[in-house]
Amino acid sequence: MELHRVDYTILGLTSKKCMKLLPSTGTKFTQKVVVGDQEGITQIFFVKKGEIQITFKSLPSAPVSNIVLGGSMGTTQDKIFVSSDNIVRGFTKKGKIFLNFETQLLENIKCMYVCGNDLIVSGVHNYHHYHDCKLVDSYTCSDIINDIITLNVAKVRRLTAVLACADQILRVLDGSVVTQSLALPNSPTALHLMNGDGGSTGDHVLVGMQEGQIYLVQITRSNSTIIKWILENENRKSEVTCMTSFDLMKTGIPDIIIGRHDGNIEVYTMIQHDEVTNEFKPPVEKFCYSGNESITSIQGGYVGNVNFEEIIVTTYTGWLFGLTTEVPEKQVTNDANDLNYGFSREEKQKILKLKSEIEDLEVRITKEREKYLAFTQEDSAAISRLPYLTINDKMMLQKDDATYFVMLESETNIDNILIQCDIPIKLLDVDKNSAVVSYSKCDPESGNSVLATYRCQLNTVRLELKFYVDEGQKGTLQAYVTPLTQPKCCQVRKFPIKPLALHCRVHTTETERFYNSLQLKGTFSVAEMHTWVTQCLPELPEKPPDEEKITYTFKSALVDTVLECVYSRGEAEFKSDNISTISILRDILSKEATKKKIKLDISSTTNEQSIITTLQSLNIKLEKYYKLHQQTMLLDALKDIDAAQTEPLQNNLIPEYKDILEKEKDIQAQLKQRPFYLERLQSAVLNLFLDWHKFKGINIKPKLAAFNNTLKNKYSYQEICSYFSL
């Protein structure tokens, strides 16, 4: 499949699900586009002979957070519903307002869905269901609600709401009651009914994940949730932000179109499920487009040409463009002679007019810039006002290699970004990052551990960073984003780094484990203990759940050990098969209690079997990466020998060395995918050694040098175990 990009217009900044295509009014007419931006402008337009024709455009107001289409059951869904603040407005396809409804949400509307006379809205934590603008049901979620949807009411015969929540759970509501909960390996971020109608039974839902996977889930009437298939994220693609269904391939079965946080757009063709076994097969990727801006909305239809299918896309910075199956026959360049070939008289006039307008705008911009600089340099009463620019930022843990990914996206071009951190971190190279990085020396007394400057190339609006950090220290990563504007200014984005930053939430553990434990008793409340725990661990809600006893389970992305947290009023217990995790928690929690002047009764128990199992788990990884590093050194030596040989080197090598040369690309790819991974594993073993003897009250300074030498120079699992006196 080949699709070609066509840019239609540029808007203000856009939010997720802020654009829809109105249903076609006939086979001879293209579809209208309705779109809203963060400037509060909602507009309806269509494309005629390559030009934008605006049907309706509202005045600026509060930022538009959602646009959905609705209408009476069984009729054309061409009524437009727009949410901003906590208000929902309804427009006809001609732009006439027919609804202005202020919901009872105490927070701004984040997600919205319309089904007949039913309106579903949610903020960050609160969910409301309205029927004919009257509140019917409500629900408060303990964690952030990322997206909402309802099953196909016409097929299911009841209104069933589905909530995608940040605590990695898909919740199914019947009224105000959670009837089903599906635990997922990471947070669901986008929901869409399969084929746009939920499939033949109306209860099949596509779930896009934070780590890039896509699930097909069936929510049955028997209060059971069945995962039909999983599309794994083998190529480490980013978060799914939006999805739609449209028959782009003309197979009779709607294709799945995916928009992602890193700007990628993918088209997957559905495979008809086996009627005999009733098994669903994962779809097959047919097309991928790589952009450089976050995708906020995506739709399939006919916009530029009624005879050619098209994907319509909006990005965070406001671009609205299409990926069309129509092959462009004419391309305009800056060469004036090109206008003499292949263009009609009207087209030539339009092109010349556009070029003239661009030149006039460039002259006006230059004059205004010179005028402004003159005001700021002379003694005058003029006041220079710094512009406020919105920065789209995100930091998340990548579990496969235990590193952190940071994304910074500006509404205008970025000049440079300064990275500052008060604890040691290691910045890593990112393939998509074209910026030039330079490091500055840090004075230990200044409180800075890392200072790095990324100088961006022209027309850069998005920058991706990657780093790793060792657990045990609490700090803050600050990004000073300087846009390419005058006067010079910068905006700061802060990202907290938790002491147990490499832990991620899970719902269950695979095997039985041997735990070390930490018990705390005192006069603390549930809210106070929850606040202390959130300062140690990521992926926790700001407020504690409304429960007497709270339980969380975490897993280390680096060491694969588990941490279980159970706490209630006046009591808390933490269990982990990694003694270093218990040591970090004991230090942090005791410091926080001291700040609050709360007396704690702290006790701990250790389990020698936990050391054995943890070392065994680490040994598997250590041996693999020791071997990779040795093979890399051998490759360098073999290349040097090969350069000095007159005949092919492989003719004189033993099979082991031949195998290394044949697997050269694979070896280098594995090390590139996880740089410094061996050093990080060695650091984890060293911390385990120090913390184990710390709990035992044994002075290990005399053994430390020898242990380091064994760990880094002549690694042996048996010798490492002997240092623990197991």
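Look above for the structure.
In short, a report on the structure.

### Observations regarding the overall build of the chain
A tally of helices and strands in the chain yields 10 helices and 43 strands. Since a compact globule built from 726 residues should have a radius of gyration of about 27 Å, the 29 Å found for the chain is in line with a globular shape. Taken along its principal axes, the extent of the C-alpha atoms in the chain is 85 × 75 × 75 Å. For the chain, with 726 residues in total, the buried portion stands at 49%. Counted over contacts in the chain with a minimum sequence separation of 6, partners at least 24 positions apart contribute 57%. In the form shown here, the chain has an accessible surface area of approximately 36400 Å², with 50% of it arising from carbon and sulfur atoms. Taken as two groups, the 82 positive and 91 negative side-chain charges of the chain have centres that lie 3 Å from each other.

### Some words on the sheet that holds strand β7 (residues 79–84)
Read from one edge to the other, the open sheet built from 4 strands follows the order β6-β7-β8-β9, with strand pairing classed as antiparallel. Two strands close off the open sheet at either side, each with one partner strand: β6 (64–70) and β9 (97–102). Strand-to-strand, the axes of this sheet are offset by a mean angle of 20 degrees, without reference to chain direction. Two elements, β6 and β7, share 6 bridges in a ladder whose sense is antiparallel. Along β7, the bridge assignment pairs Leu69 with Ile80.

### Side note on helix α9 (residues 701–712)
If you check α9, its first and last C-alpha atoms are 17 Å apart, about what 12 residues at 1.5 Å a residue would give, namely 16 Å. Every buried residue belonging to α9 is among Phe707, Thr710 and Leu711, and all of these are buried. One face of α9 carries all of its buried residues, which in axial projection span an arc of 90 degrees. Exposed and oriented more than 90 degrees from the buried face of α9 are Lys701 and Ala705.

### Here we look at the side chain of Ser187
Relative to the assigned elements, Ser187 resides in the loop between β17 (177–183) and β18 (188–193). Residue classification places Ser187 among the buried residues on the basis of a relative accessible area of 7%. A polar atom in the side chain of Ser187 sits 2.7 Å from the backbone oxygen of Ala166.

### Re empty space enclosed by the protein
For the structure shown, the criterion picks out 1 cavity of 30 Å³ or more. In this structure, the largest cavity occupies an estimated 40 Å³ of space. The wall of the largest cavity is formed by Leu615, Leu618, Asn619, Leu622, Val685, Leu711, Tyr715, Tyr717 and Ile720. Where the lining of the largest cavity is concerned, the elements lending two or more residues are α5 (608–644) and α10 (717–723). Counting residues per element, the lining of the largest cavity draws most heavily on α5, which supplies 4 residues. Residue composition of the lining of the largest cavity, grouped by class: 8 nonpolar, 1 polar and no charged.

### Considering the pattern of salt bridges
Enumeration according to the criterion identifies 27 salt bridges in this entry. Of the charged contacts, one joins Asp147 and Lys17 as a salt bridge, the two residues approaching to 2.6 Å between their closest N and O atoms. On the criterion of sequence distance, the pair formed by Asp147 in strand β14 (residues 145–150) and Lys17 in the loop between β1 (4–10) and β2 (19–21) is long-range, its members being 130 residues apart. Each of Arg236, Asp400, Asp401 and Lys466 takes part in salt bridges that share partners, so that together they form one network.

### Here's the deal with the sheet that holds strand β32 (residues 426–428)
If you walk across this open sheet you meet the 4 strands as β29-β30-β35-β32, and the pairing is antiparallel. Every other strand in the sheet has two partners, leaving β29 (391–398) and β32 as the edge strands with one partner each. Each neighbouring strand pair of the sheet contributes to a mean axis angle of 25 degrees, computed without reference to strand direction. Summarising the sheet, strand β30 (residues 403–410) and strand β35 (residues 462–468) pair through 6 bridges and their orientation is antiparallel. Note that in β35 the partner of Glu409 across the bridge is Arg462.

### As for the pairing of strand β21 (residues 225–231)
Across 6 bridges, strand β20 (residues 214–219) lies against β21 in antiparallel orientation. Among the inter-strand pairings, Ile219 is bridged to a residue of β21, identified as Thr225. In this structure, the hairpin formed by β20 and β21 is closed by a connection of 5 residues, where Asn223 is found at a positive phi of approximately 55 degrees.

### What to know about the side chain of His261
By the element assignment, His261 lies in the loop between β23 (255–260) and β24 (264–274). Contact partners of His261, with chain neighbours within four places excluded, come to Ser238, Glu239, Thr241, Ser294, Asn392, Lys394, Met407 and Arg462.

### Here's the deal with the state of the cysteines
Working definition: the covalent bond between the sulfur atoms of two cysteines is a disulfide. Within the structure shown, the criterion is met by 0 disulfides. The structure places no disulfide on Cys18, whose sulfur is separated from the nearest cysteine sulfur, that of Cys242, by 9.1 Å. With no disulfide of its own, Cys442 has Cys421 as its nearest cysteine by sulfur position, at a separation of 9.8 Å.

### Considerations on the packing of aromatic side chains
Counted by the stated rule, this structure contains 15 aromatic pairs. With a centroid separation of 5.1 Å and 80 degrees between ring planes, the pair formed by Phe101 and Tyr130 is classed as edge-to-face. Highlighted residues: Phe101 in strand β9 and Tyr130 in strand β12 (residues 126–131), separated in sequence by 29 residues. Taken individually, Phe101 and Tyr130 each receive the classification buried, so the pair is uniform in this respect. Ring geometry for Phe246 versus Tyr302: centroids 5.9 Å apart, planes at 75 degrees, classification edge-to-face. Separated by 56 residues along the polypeptide, Phe246 in strand β22 (residues 240–246) and Tyr302 in the loop between β26 (295–301) and β27 (310–315) bring together distant segments of the chain. According to the relative accessible area criterion, Phe246 is buried, its value standing at 14%. Overall, Tyr302 belongs to the partly exposed group, its relative accessible area being 25%. Ring pairs connect the aromatic residues Phe689, Phe707, Tyr723 and Phe724, which therefore count as one cluster. Lying across the ring of Phe321, Arg5 places its NZ or CZ 3.7 Å from the centre. Across from the ring centre of Tyr677, 4.9 Å away, lies the NZ or CZ of Arg674, which sits over that ring.

### A word on the pairing of β26
Counting buried residues in β26 gives 7 out of 7 residues, a clear majority hidden from the surface. In this sheet, β27 lies alongside β26 in antiparallel orientation, the contact comprising 6 bridges. Among the inter-strand pairings, Gln299 is bridged to a residue of β27, identified as Ile312.

### Concerning unusual backbone geometry
Phi angles above zero are rare outside glycine, and Asn195 is one such case at about 60 degrees. Along the chain, Asn195 turns up in the loop between β18 and β19 (204–209). Positioned with a positive phi, Asp560 is a non-glycine residue whose angle comes to about 70 degrees.

Calculation criteria
Residues numbered from 1 in each chain as written. Predicted model: local features only at pLDDT ≥ 70, side-chain atom pairs only at ≥ 80, totals over all residues. Heavy atoms only, no water. Helix = DSSP H or I, 4+ residues; strand = E, 2+ residues; numbered from the N terminus. Rg over C-alpha atoms; globule rule 2.2 N^0.38 Å. Buried < 20%, exposed > 50% of the residue type's maximum accessible area, 1.4 Å probe, protein only. Contact = heavy atoms within 4.5 Å. Areas by Shrake-Rupley, 256 points an atom, 1.4 Å probe, with all protein chains shown as cover. Lys, Arg positive; Asp, Glu negative; His and termini not counted. Charge placed at Lys NZ, Arg CZ, Asp CG, Glu CD. Pairing = 2+ DSSP bridges. Axes fitted to C-alpha atoms, helices over the stretch in contact; angles between N-to-C directions. Expected span 1.5 Å × (residues − 1). Arc of directions from axis to C-beta. Polar contact = N/O pair within 3.5 Å; in protein donor to acceptor, adjacent residues only side chain to side chain. 1 Å grid on protein atoms, 1.4 Å probe; cavity = no way out; pocket = protein on both sides within 12 Å on 5 of 7 lines; lining within 4 Å. Points joined across faces, edges and corners; volume = space filled by probe spheres on them. Nonpolar A, V, L, I, M, F, W, Y, C, P; charged D, E, K, R; others polar. Salt bridge = Lys/Arg side-chain N within 4 Å of Asp/Glu carboxyl O. Disulfide = S-S within 2.5 Å. Phe/Tyr/Trp six-rings, centres within 6.5 Å; stacked < 30°, edge-to-face > 60°. Lys NZ or Arg CZ within 6 Å of the ring centre and 35° of its normal.

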